[in-house]
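Tertiary structure, described
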Amino acid sequence: MTAQLNPRGDVAVLVPAAGAGVRLGPGRPKALRLLAGEPLLVHAVRRLAAAPSVHTIVVAAPAAEVQAVRELLAPIAPVIVVPGGAERQASVAAALAAVPAGPTIVLVHDAARALTPPELVESVAAAVRGGCDAVIPVLPVVDTIKEVGADEVVLGTVDRSALRAVQTPQGFRRAVLNAAHAAAGDSLTDDAGLVEKQGVAVSCVPGSEYALKITRPFDLALAEHLLAAAG
């Protein structure tokens, strides 16, 4: 059954899903790789659609797959699908341009974080709604981090107490994200980085272990295990 998004919601979610995902191995674009028999993108959109404040979801798909992605997602939720760009930043910009009037909060979410719970979507949106210009979900860094030179010799040990691993969705006031993309120069893989360059403060909220990024075959196997364990 198709989920109905909230017509009174104040959140639009952009999903850049045009990447090849070469680290996951050869095959279809990463967002269309299968996890437990369904594309990563389907898992991601299903969870986004379950977040109560989401008004709009816009997916930037590979240009050759736009119609196929529309048909794929139609049973899940009423999603806007646009052609993505060669780089992530271009895909986000294309999706942002397709957001209708209404939502004042824009979240950007990686399709590769296919198991991100709706509660994290709501947590990020609530922080923006509460007055933050930009919000990212984060987890503490638990591994020891070494700075290593070009010759693979350790230069020093980094203090991890001030470090955080960043996840998505990243949330923004719509006007802030619009301005950051309008002023964007060098391509970045992180939308929070774009607003940082504009001098905007970026706040953090606790992330989720389930929001892991599926990048390598091991990540895919771990996500399969988590899905099976969840029943």
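Look up: the structure comes first, before these words.
Residues numbered from 1 in each chain as written. Predicted model: local features only at pLDDT ≥ 70, side-chain atom pairs only at ≥ 80, totals over all residues. Heavy atoms only, no water.

Describing the overall build of the protein chain
Looking only at helices and strands, the protein chain features seven helices and 12 strands. On C-alpha atoms alone, the protein chain measures out to a radius of gyration of 17 Å, which is about the 17 Å that the 2.2 N^0.38 rule sets for 231 residues. Counting only C-alpha atoms and orienting by the principal axes, one finds that the protein chain spans roughly 55 × 40 × 35 Å. The buried share among the 231 residues of the protein chain stands at 47%. When the accessible surface of the protein chain is summed, it comes to about 11,100 Å², and 57% of that surface belongs to carbon and sulfur atoms. Separation of charge centres in the protein chain, based on 19 positive and 21 negative side chains, amounts to 4 Å. (Helix = DSSP H or I, 4+ residues; strand = E, 2+ residues; numbered from the N terminus. Rg over C-alpha atoms; globule rule 2.2 N^0.38 Å. Buried < 20%, exposed > 50% of the residue type's maximum accessible area, 1.4 Å probe, protein only. Areas by Shrake-Rupley, 256 points an atom, 1.4 Å probe, with all protein chains shown as cover. Lys, Arg positive; Asp, Glu negative; His and termini not counted. Charge placed at Lys NZ, Arg CZ, Asp CG, Glu CD.)

Observations regarding the nonpolar core
Residues Leu41, Val45, Ile57, Val59 and Leu73 are the most contacted members of the largest nonpolar core, which totals 36 residues. If you list the elements that add at least two residues to this core, you get strand S1 (11-16), helix H1 (40-49), strand S4 (54-61), helix H2 (66-73), strand S6 (105-108) and helix H4 (118-129). Broken down by element, this core gets its largest block of residues, six residues, from H4. When near neighbours in sequence (up to four residues on either side) are disregarded, Leu73 contacts Leu41, Val42, Val45, Val59, Val79 and Val81. Core analysis: the second largest hydrophobic core is formed by 19 residues, Val82, Val92, Ala134 and Ala180 among them. (Core = buried A, V, L, I, M, F, W, Y, C linked by side-chain atoms within 4.5 Å. Contact = heavy atoms within 4.5 Å.)

Purely geometric stuff here, so don't read any function into it on its own.
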